[in-house]
Amino acid sequence: MEFDALQSSHQRRLVRPQPQPGKDLDDKRTAILAFMAGVNPKDTIEGMMAAQLFASHAAAMECYRRAMLPDQSVEGKQINLTLAAKLTKVNAEQAAALSKYRGKGQQKVVVEHVHVYPGGQAIVGQVTTPGGSTKNLEAQPHAIGYAECSPVRCENEEQKREALPVAGNA
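Just so it is clear, the model here is predicted, and its values are computed rather than measured.

Reading the values: rules and limits
Residues numbered from 1 in each chain as written. Predicted model: local features only at pLDDT ≥ 70, side-chain atom pairs only at ≥ 80, totals over all residues. Heavy atoms only, no water. Axes fitted to C-alpha atoms, helices over the stretch in contact; angles between N-to-C directions. Helix = DSSP H or I, 4+ residues; strand = E, 2+ residues; numbered from the N terminus. Parallel < 35°, antiparallel > 145°, perpendicular 65-115°, else oblique. Left-handed = near helix turned anticlockwise from the far one by under 90°. Nonpolar A, V, L, I, M, F, W, Y, C, P; charged D, E, K, R; others polar. Buried < 20%, exposed > 50% of the residue type's maximum accessible area, 1.4 Å probe, protein only. Salt bridge = Lys/Arg side-chain N within 4 Å of Asp/Glu carboxyl O. Polar contact = N/O pair within 3.5 Å; in protein donor to acceptor, adjacent residues only side chain to side chain. Contact = heavy atoms within 4.5 Å. Expected span 1.5 Å × (residues − 1). Core = buried A, V, L, I, M, F, W, Y, C linked by side-chain atoms within 4.5 Å.

**Student:** I'm lost on the packing of helix H3 (residues 44-67) against helix H4 (residues 74-102) in this one. Help?
**Tutor:** To describe two helices that pack against each other, one gives the angle between their axes and the distance between the axes. At a minimum axis distance of 8 Å, the contact between H3 and H4 shows a crossing angle of 160°. Considering the angle they form, H3 stands roughly antiparallel to H4. You can see that H3 and H4 cross each other, and the crossing is left-handed. Broken down by class, the residue content of the contact of H3 with H4 amounts to 18 nonpolar, seven polar and four charged.

Below, the structure is given as structure tokens:
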């Protein structure tokens with residue numbers, strides 16, 4: 001049996017191990033398929049993660065349902081609510097794992113503010129290693145040498161400018 005077909009059969013049995021004839025079973029199947037269509041897995045791994053996401057959600061909801069039964073004992077309510085809370089946390093972790101998997105672990109770093117002190121250097125733009133390789137970094141010099149610092153714009157008396165007035169509310 002092909003893996004996707006096997007996985008689909010597992011997803012159909014998530015809610016109850018023993019199928020019950022009638023409208024309830026059709027509604028549950030429709031819910032599972034609607035969930036899977038909503039998640040829209042792109043590959044087998046995403047499909048497995050989506051199935052686990054649905055299973056943990058369905059189990060948490062079942063625990064919440066059992067905790068709310070009118071004749072449920074206090075201990076039964078406490079146990080079911082504890083299990084539901086754990087399953088809800090697992091569900092959130094699974095959703096984060098699916099999101100991370102879809103992003104393939106890529107991160108975006110945005111630098112908003114940079115300080116460059118006298119004698120320092122800064123690069124603006126994308127920085128990559130030559131050829132994308134990190135080989136022989138130990139053999140490469142990290143600084144060509146020390147160059148004399150060029151004067152800062154207002155170091156010379158001739159270049160000084162008049163100060164502008166600042167608004168009182170600024």
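**Student:** Where do I start with the side chain of Gln94 in this structure?
**Tutor:** Along the polypeptide, Gln94 turns up in helix H4. Judged by its relative accessible area of 18%, Gln94 is buried.

**Student:** Looking at this structure, how should I read the pattern of salt bridges?
**Tutor:** When the charged atoms of two side chains with opposite charge come close together, those side chains can pair. In this structure the tally under the stated criterion is three salt bridges. Here Glu62 and Arg65 are joined by a salt bridge, their closest N and O atoms 2.6 Å apart. On the criterion of helical spacing, the pair formed by Glu62 and Arg65 is a turn pair, its members being three residues apart in helix H3. Exposure remark for Glu62: the relative accessible area of 26% places this residue in the partly exposed category. The partner of Glu62 in a salt bridge is Arg66, and the shortest N-O contact between them spans 3.0 Å. With a gap of four residues between them, Glu62 and Arg66 both fall in helix H3, about one helical turn apart. Overall, Arg66 belongs to the partly exposed group, its relative accessible area being 41%.

**Student:** Looking at this structure, I do not really get the side chain of Ser56. What am I missing?
**Tutor:** Relative to the helices and strands, Ser56 is located in helix H3. Given a relative accessible area of 7%, Ser56 falls into the buried group. A polar contact of 2.7 Å, which involves the side chain of Ser56, links it to the side chain of Asn91. If near-sequence neighbours (up to four positions away) are discounted, Ser56 is found in contact with Leu87, Val90, Asn91 and Gln94.

**Student:** In this structure, what is going on with H3? I would like to understand it.
**Tutor:** Over its 24 residues, H3 extends 35 Å from the first C-alpha to the last, a length consistent with the 34 Å expected when each residue adds 1.5 Å. For H3, the full list of buried residues reads Glu46, Gly47, Met49, Ala50, Ala51, Leu53, Phe54, Ser56, Ala58, Ala60, Cys63 and Ala67. Of the residues flanking the start of H3, the one acting as N-cap is Asp43, its side-chain oxygen 3.3 Å from the backbone nitrogen of Ile45.

**Student:** What exactly am I supposed to notice about H4 here?
**Tutor:** Quick reminder: α-helices carry 3.6 residues per turn. Residues three or four places apart thus point the same way. Helix length check: H4, at 29 residues, gives a terminal C-alpha distance of 42 Å against a target of 42 Å (1.5 Å per residue), a fit within 8%. Lining the buried residues of H4 we find helix H2 (23-39) and H3.

**Student:** Whenever I open this one, the nonpolar core confuses me. Can you help?
**Tutor:** General note: in soluble globular proteins, nonpolar side chains tend to be found buried as a group. With nine residues, the main nonpolar core is built from Ile32, Met36, Val39, Met49, Ala50, Leu53, Phe54, Ala58 and Leu98. When contributions to this core are tallied by element, the ones reaching two or more residues are H2 and H3. Per-element accounting of this core gives the leading share, five residues, to H3.

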